[in-house]
Amino acid sequence: MNKRNTQQRRRAIVELLTQQGEVSVDELAMRFATSEVTIRKDLTALEHTGLLLRKYGGAVSLPQELMTEAVVERISARKQALAKAAAGLIRDHYRIIIDSGSTTAALLPELSNKQGLVVMTNSLFIANSLRELEHEPKLLMTGGSWDAQSESFQGQLAEQVLRAYDFDQLFIGADGIDLQRGTTTFNELTSLSRVMAEVAREVVVMVESDKIGRKIHNLELPWTSIKILVTDDKLPDTAKRQIEQQGVKVICAPVQPNTDKPE
């Protein structure tokens, strides 16, 4: 499938969502005569640009008033704000893990001035981006089995590699935050995330405030595994207090206006 057809299919998915309000992966795979893996990639890409919300087995549309260029730009600005705040927690010569995901990937440009870092990741995109930094860190890859849905390496081999090291920090995102339980995800493969948390002395969750309170049935990391949550300054005070009551430090990064469009 070439890029043009991919773009056409994704536009059609957004149009269908506007009409129906909700779509399922299997429905879209049949409609566009493609695989469910391809559709999941489409939905992930569209969510990253703020055009829909993923749900288990499919997606739902955003309210029409949110489907504006300005809001998409603010979503990108939030990721940048989170990345800047999270990077402030990293010291030179730290050994860190960066999990796959668009929010954690936003951290990479902020690492340019860090020296002597050792970085483990399960993401090919993050690995390639790290090689372009001015002070290129020592790069470690988890290896393992490639998971097309999360676009990352998973599995027992990846877990074994992680357990051979110890790290100062883990930076990880989330599809949602359950205020009572912890981070939640659409992906059923959660064991690698838990191993990452086990081998890191400090777990830092990076998540935009509009995902906080968003419950998804797959629990990824319980609050007991999390040290710091980095979010933006739109987080309601009530939610902030609830998270802090779990023993988690909450950093609310100020979001600056941004005219850059997300990729």
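Residues numbered from 1 in each chain as written. Predicted model: local features only at pLDDT ≥ 70, side-chain atom pairs only at ≥ 80, totals over all residues. Heavy atoms only, no water.

**Student:** What exactly am I supposed to notice about the pattern of salt bridges here?
**Tutor:** Two side chains of opposite charge can pair, provided their charged atoms sit close to one another. Scanning all chains against the criterion turns up 13 salt bridges. For R78, the salt bridge identified is with E208, shortest N-O distance 3.7 Å. Here the residue R78 occupies a position in helix α4 (residues 69-87), and E208 occupies one in the loop between β12 (200-206) and β13 (218-222), the gap between them amounting to 130 residues. R78 sits in the buried class, given a relative accessible area of 11%. Two residues, R201 and D168, come together in a salt bridge whose shortest N-O distance is 2.6 Å. Linking R201 in strand β12 with D168 in strand β9 (residues 167-172), this pair joins segments that are 33 residues apart in sequence. Here the salt bridges do not stand alone but share partners, grouping R78, K79, E208, D210 and D232 into one network. (Salt bridge = Lys/Arg side-chain N within 4 Å of Asp/Glu carboxyl O. Helix = DSSP H or I, 4+ residues; strand = E, 2+ residues; numbered from the N terminus. Buried < 20%, exposed > 50% of the residue type's maximum accessible area, 1.4 Å probe, protein only.)

**Student:** I would appreciate a short explanation of the sheet that holds strand β11 (residues 182-185) in the present structure.
**Tutor:** Whenever strands of a sheet pair, they do so through backbone hydrogen bonds, lying parallel or antiparallel. The sheet built from three strands is open, its strands ordered β10-β11-β13 with antiparallel pairing. Edge positions in the sheet fall to β10 (176-178) and β13, since each of these pairs with one other strand and no more. Here the strands of the sheet are splayed against their neighbours by 40 degrees on average, with no regard to which way each runs. Pairing analysis gives three bridges linking β10 to β11, with the strands arranged antiparallel. Each residue of the ladder has a partner; that of I177, found in β11, is T183. (Pairing = 2+ DSSP bridges. Axes fitted to C-alpha atoms, helices over the stretch in contact; angles between N-to-C directions.)

**Student:** Help me out: how do you make sense of the packing of aromatic side chains in this one?
**Tutor:** Any aromatic ring pair is given by two values, namely how distant the centres are and how the planes are angled relative to each other. For the structure on display, the rule yields two aromatic pairs. Taking the centre distance of 5.1 Å and the plane angle of 75 degrees together, the rings of W146 and F153 count as edge-to-face. Owing to a relative accessible area of 16%, F153 belongs among the buried residues under this scheme. Note on Y165 and F167: the rings are 6.0 Å apart at their centroids and 40 degrees apart in plane angle, and the pair reads as tilted. Here the basic side chain of R95 rests over the ring of F167, its NZ or CZ set 5.8 Å away from the ring centre. (Phe/Tyr/Trp six-rings, centres within 6.5 Å; stacked < 30°, edge-to-face > 60°. Lys NZ or Arg CZ within 6 Å of the ring centre and 35° of its normal.)

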